[in-house]
Every structure is written in structure tokens, then in C-alpha cells.
Amino acid sequence: MGDVKIHEVTDDESVSLDKIIESKKKLIDKINNKESTDCDGCPVLEYNYWKDIEEEQFDHISVENHARCNMRCSYCSETYYGGKVGNYNLINALNELNEKNKIREDCQVAWGGGEPTMAKDFHELINFVNKKINPKTQRFFSNAINFSEEIALLMKNNIASLTVSVDAGTIDTFKVVRGVNQFKKVMTHLSKYISYSRDNLVIKYIFTELNSTLEEIDSFVNATKEYKLNHGNFLISSNFRDEKLSVEQGLLILHLHNSLLNAGANTSMLDDHVRPRISKITEKIMNADLSEFNLNNQLKSIISLTKEHKKNDNEIVVWGVGEYANLLLDKSYTFKGKKVKYFVDSNRLKQGQTFRNKNVLDPIKLIDDDCKILIASSFWYHDILNLLETFKVDKKRIFPSFLI
């Protein structure tokens, strides 16, 4: 159902800490009294022991205080590009959280919008966040029409990452999907960003009805080579408005995934929009007649390898204890029914707990084990991969990311 609105915001007072705490309490009371709320149906809603709201600290802050954007994407809405601006002072609101010690040391700040670089006070805001909030990490979601030196330097210093959706391999399709004639400019800026940091740039391809052809996908892969982006990190998604994928789309997703890896991609992942959708059609994909779809023969080897992994009944270790892990272990063709030895998670608050009746341990435990490792995260996939590399874990222990 999207983000949950806890109350109307009309002025600075509306975003005061006291007001937010009061509204959160009312929301939680309604949930516990089984009254209808916007939280109904949330996959991570659970019965548990929770701290009092007054004692909580923020570990995640999402900056989305305006709806100004210089694109008109086919899958977007006026909510995100309609031009509205928050009627409160964001710096004052963040400063209150900071002064009242409500921000955790491991806090992450995510920047969205609208287009974050179009915020009127972007330079002042980003300087405030870096100096006063001092987040452990930052994630920027931008369309890269504007190039930001501030973002690039944060990436270079390994304290921020940038995700950019391209969603096309040609100028004409880019104009249709993204609503502007800026394909070359975006790709040029991505080339500049990746020169600051390969590891902290994620290039995204969202499948829609407008860009789901073999020709467009192959053009996208060729464009990544032309602009020297092919050794970067890639995330494959689908239009969140489309509840179902066709078998052809599923095969095209695997084709893109495989083509990017063959072109030298550091990582290529399916995100949490496309994973549950592709899980629903995996049996059809595994038994599809590939000759009908004019796709390369390498897909045959992927499908064969996937079937082999499914047959293997050895215990595995899973990195991640969120809903994505549940999705893979309950719905995935490859991992459904797999025996899990234990889970690991880098979040210290989760270590020592149990998940799915198994212990959650510190990832350092992986050094002394030889089990195969399933990375149960799309958002943090390449970060986890980098950590495993620092642990000197044999890459052969890590399940291939194409497995569905």
C-alpha cells in the first residue's frame, strides 16, 4: 500500500518529535486493537516485544521532502514529479532529532524524491547531513541528468552509493520510458560517476511493456560497454504496477542478467520487485521451449545449472534475516525447502536472536565454515559480496546470483 502517513503535515510543528511520537503511538494502538490501518497486509508486520516509542532511535532516515523531477517516467506518478515542496523546514526537523540524541550511530540516510539534486537547498542540506547527522552510509536515488560533485566525492570516500535507473538501450526507447531525450547525457554522467567509484554505483533496468524486447536488452548491454559501465553493479527490476510477469519477460530477465555477467559486470541482481513475480513462473521458465523466444543458447546452461542446484540437499548458510530471506526460502524454485544450518547478519542487534528457528550469528563465523552461502538481499548484495571478499571466502561457496 506504499508509505504510511501518520498525520497531515502543515507546518514545522507537524514534524516535531513530540507530534511524531504521539501519532506513532496512536497507530500502534490501532494495530494492537485490530483496527484498520495503512499497515494492514504489510509482510513485515509482526507480534513482538517493542521498545516504548520514546526510547527508540532512528536507524534510517529517508529524505523525500519534495516532488520536483526533470523526468516523466512511464511507471511513475505526479506524487513524485508534481512539483510539490514540503511546507516545513527539513533542516530544523533533522536538527531536533540530532539534539535530542534520537539518531543511532549506524544510521543510514537515503535520498529520493522527486529528483534529490533538484531540491532548492540540496547543497545546504547535504552539508548539514554530513556534518551533523554523520550517517554511517548514504544512498542516493537519482536519474543522473544532473551530475553532483558532492555525491561523487561521497562515493569515492566509500560513505555513499548511487542508484540510477536507465531502463533502455536506445535513445528512442529512453524517450518513451523516461519521458525526456537525455539518454546520452545520463550515460555520460554515469561514466563520470563510475570513475569515482565502481563499487558504489548501481545501474538499474526496470522491465516494462515498453522496453521488454531482445533487441532493446542487447542494445542496453552494448551501451554499457560503449560508456565503459559494463564492469559495474546492476540491479534488474520490474514495473511495480504489473502484478505478473510473462514467461517471455522472465526469460528476457535471465537473458539480461546473464549478458551483463558475460560482459564483465561486478554484480547483477534481481531486486525484491521482480523476485516474487519471477518465482510464480519458475516452473514454466524451467520447462520453456527456448527455441520459441529467439534467445541465446547460454540460457539452456543456466536452466540446467539451476535444476542441478535444486537437487542438491546439502545444508546452506543464509546471509540476511529479512523478508527477502523468507521469500527465497519459501517461494524460490532453487531454495524452497533448503536446509539452513544458521543465518548471519551484520546488524549487531539481530545477532544472538533466532530466525526461522535457527541462530543468527556474526558473519565472521563464515570464515570457519565451508557451507555454501546464500545472500538473501538485493539492496545490499554487492556490499555483502565485498565483505565476503575481505573475509577471503572462496567465491565458489557463494550461490550464483542468477538462481531463481
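As the structure is a prediction and not an experimental result, all values here were calculated from the model. (Residues numbered from 1 in each chain as written. Predicted model: local features only at pLDDT ≥ 70, side-chain atom pairs only at ≥ 80, totals over all residues. Heavy atoms only, no water.)

### Structural notes on the packing of aromatic side chains
Now for step 1: Scanning all chains against the criterion turns up ten aromatic pairs.
Now for step 2: On the numbers, 4.5 Å between centres and 35° between planes, the contact of Phe-147 with Tyr-193 is tilted. Of this pair, Phe-147 sits in the loop between strand S3 (137–141) and helix H5 (149–156) while Tyr-193 is found in helix H7 (residues 183–196), placing the two residues 46 residues apart along the sequence.
Now for step 3: Look at Tyr-193 and you get buried, because its relative accessible area is 0%.
Now for step 4: Summarising the aromatic geometry, the rings of Phe-220 and Phe-234 are spaced 6.3 Å apart at their centres and angled 90° between planes, so their arrangement reads as edge-to-face. You can see Phe-220 sitting in helix H8 (residues 214–226) and its partner Phe-234 sitting in strand S6 (residues 233–238), a full 14 residues away along the chain.
Now for step 5: The class for Phe-234 is buried, based on a relative accessible area of 3%.
Now for step 6: Members of the aromatic cluster, joined through ring pairs, are Tyr-205, Phe-207, Phe-220 and Phe-234.
Now for step 7: A cation over an aromatic ring shows up here: Lys-310 above the ring of Tyr-333, its NZ or CZ 4.8 Å from the ring centre. (Phe/Tyr/Trp six-rings, centres within 6.5 Å; stacked < 30°, edge-to-face > 60°. Helix = DSSP H or I, 4+ residues; strand = E, 2+ residues; numbered from the N terminus. Buried < 20%, exposed > 50% of the residue type's maximum accessible area, 1.4 Å probe, protein only. Lys NZ or Arg CZ within 6 Å of the ring centre and 35° of its normal.)

### Notes on empty space enclosed by the protein
Gaps left between atoms show up when a probe the size of a water molecule is rolled over them.
Now for step 1: Per the stated rule, a full pass over the model turns up two cavities of 30 Å³ or more.
Now for step 2: The volume enclosed by the largest cavity comes to roughly 80 Å³.
Now for step 3: Considering the residues around the largest cavity, the lining is formed by Met-269, Arg-275, Tyr-324, Leu-328, Phe-335, Leu-374, Ile-375, Tyr-381, Phe-399, Pro-400, Ser-401 and Leu-403.
Now for step 4: Contributions of two or more residues to the lining of the largest cavity are made by helix H13 (323–331) and strand S12 (372–375).
Now for step 5: Residue composition of the lining of the largest cavity, grouped by class: ten nonpolar, one polar and one charged.
Now for step 6: Empty space within the second largest cavity amounts to approximately 40 Å³.
Now for step 7: Surrounding the second largest cavity, Val-63, Glu-64, Asn-65, His-66, Trp-111, Gly-112, Pro-116, Ala-119, Phe-122 and Leu-125 form its lining.
Now for step 8: Of the residues in the lining of the second largest cavity, the class split is six nonpolar, three polar and one charged. (1 Å grid on protein atoms, 1.4 Å probe; cavity = no way out; pocket = protein on both sides within 12 Å on 5 of 7 lines; lining within 4 Å. Points joined across faces, edges and corners; volume = space filled by probe spheres on them. Nonpolar A, V, L, I, M, F, W, Y, C, P; charged D, E, K, R; others polar.)

### Re the layout of surface pockets
Now for step 1: Reported here for the second largest pocket is a volume of approximately 410 Å³.
Now for step 2: Elements that contribute at least two residues to the lining of the second largest pocket include exactly strand S7 (267–270) and helix H14 (381–390).
Now for step 3: Counting residues per element, the lining of the second largest pocket draws most heavily on H14, at five residues.
Now for step 4: Class assignment of the residues belonging to the lining of the second largest pocket gives a composition of nine nonpolar, five polar and four charged.

### Quick word on H5
Because each turn of an α-helix spans 3.6 residues, side chains separated by three or four positions in sequence point in the same direction.
Now for step 1: Turning to H5, its buried residues number three or more, namely Ile-151, Ala-152, Leu-154 and Met-155. End-on view of H5: buried residues confined to an arc of 165°, all on one side of the axis.
Now for step 2: Buried positions along H5 lie against helix H4 (122–133), S3, strand S4 (160–165), H7 and strand S5 (201–207).
Now for step 3: Looking at the residues trailing H5, positive phi occurs at Asn-158, about 60°. (Arc of directions from axis to C-beta. Contact = heavy atoms within 4.5 Å.)

### Quick look at the side chain of Ser-165
Now for step 1: Tracing the backbone through its elements, the reader meets Ser-165 in strand S4.
Now for step 2: Contact partners of Ser-165, with chain neighbours within four places excluded, come to Tyr-75, Ser-142, Arg-178, Lys-204 and Ile-206.

### Re a negative patch on the surface
Now for step 1: Residues Asp-11, Asp-12, Glu-13 and Asp-18 make up a contiguous surface patch of negative charge.
Now for step 2: In this structure, Glu-13 sits in the segment before helix H1 (17–32). (Patch = residues over 30% accessible without salt bridge, like charges linked within 9 Å, V, L, I, M, F, W, Y side chains within 5 Å. Areas by Shrake-Rupley, 256 points an atom, 1.4 Å probe, with all protein chains shown as cover. Salt bridge = Lys/Arg side-chain N within 4 Å of Asp/Glu carboxyl O. Lys, Arg positive; Asp, Glu negative; His and termini not counted. Charge placed at Lys NZ, Arg CZ, Asp CG, Glu CD.)

### As for the packing of H8 against helix H9 (residues 247–262)
Now for step 1: Between H8 and H9, the shortest axis-to-axis distance is 10 Å and the interhelical angle comes to 20°. If you check the angle between H8 and H9, you find them roughly parallel. As H8 packs across H9, the resulting crossing turns out to be right-handed. Across from Leu-214, Ile-217, Asp-218, Phe-220 and Val-221 in H8, the residues of H9 making contact are Leu-252, His-255, Leu-256, Ser-259 and Leu-260.
Now for step 2: Taken together, the residues of the contact of H8 with H9 break down into seven nonpolar, two polar and one charged. (Axes fitted to C-alpha atoms, helices over the stretch in contact; angles between N-to-C directions. Parallel < 35°, antiparallel > 145°, perpendicular 65-115°, else oblique. Left-handed = near helix turned anticlockwise from the far one by under 90°.)

### So, the sheet that holds strand S11 (residues 358–361)
Now for step 1: Taken in spatial order, the five strands make up an open sheet running S10-S11-S9-S8-S12, and their pairing is mixed. Edge positions in the sheet fall to strand S10 (354–355) and S12, since each has one partner strand and no second.
Now for step 2: Direction of pairing for strand S8 (residues 316–319) relative to S12: parallel, over a ladder of four bridges. Counterpart to Val-318 in the pairing with S12 is Leu-374.
Now for step 3: This element, H14, spans S8 and S12 of the sheet and lies at about 150° to S12. (Pairing = 2+ DSSP bridges.)

### Here's the deal with the packing of H4 against H5
Now for step 1: Remark: H4 packs on H5, axes separated minimally by 11 Å, with the N-to-C direction vectors making an angle of 25°. Judged by the inter-axis angle, H4 sits roughly parallel to H5. Contacts between H4 and H5 involve Phe-122, His-123, Ile-126 and Asn-130 from the former and Glu-150, Ile-151 and Leu-154 from the latter.
Now for step 2: For the contact of H4 with H5, a count of residues per class yields four nonpolar, two polar and one charged.

### Re the pattern of salt bridges
Now for step 1: If you walk through the whole model with that rule in mind, you get 15 salt bridges.
Now for step 2: A salt bridge links Asp-383 to Arg-139; the nearest nitrogen and oxygen atoms lie 3.0 Å apart. Note that Asp-383 is positioned in helix H14 and Arg-139 in strand S3, a separation of 244 residues in sequence.
Now for step 3: Judged by relative accessible area, Asp-383 falls into the partly exposed class, the value being 26%.
Now for step 4: Connected via shared salt-bridge partners are Asp-59, Arg-104 and Asp-106.

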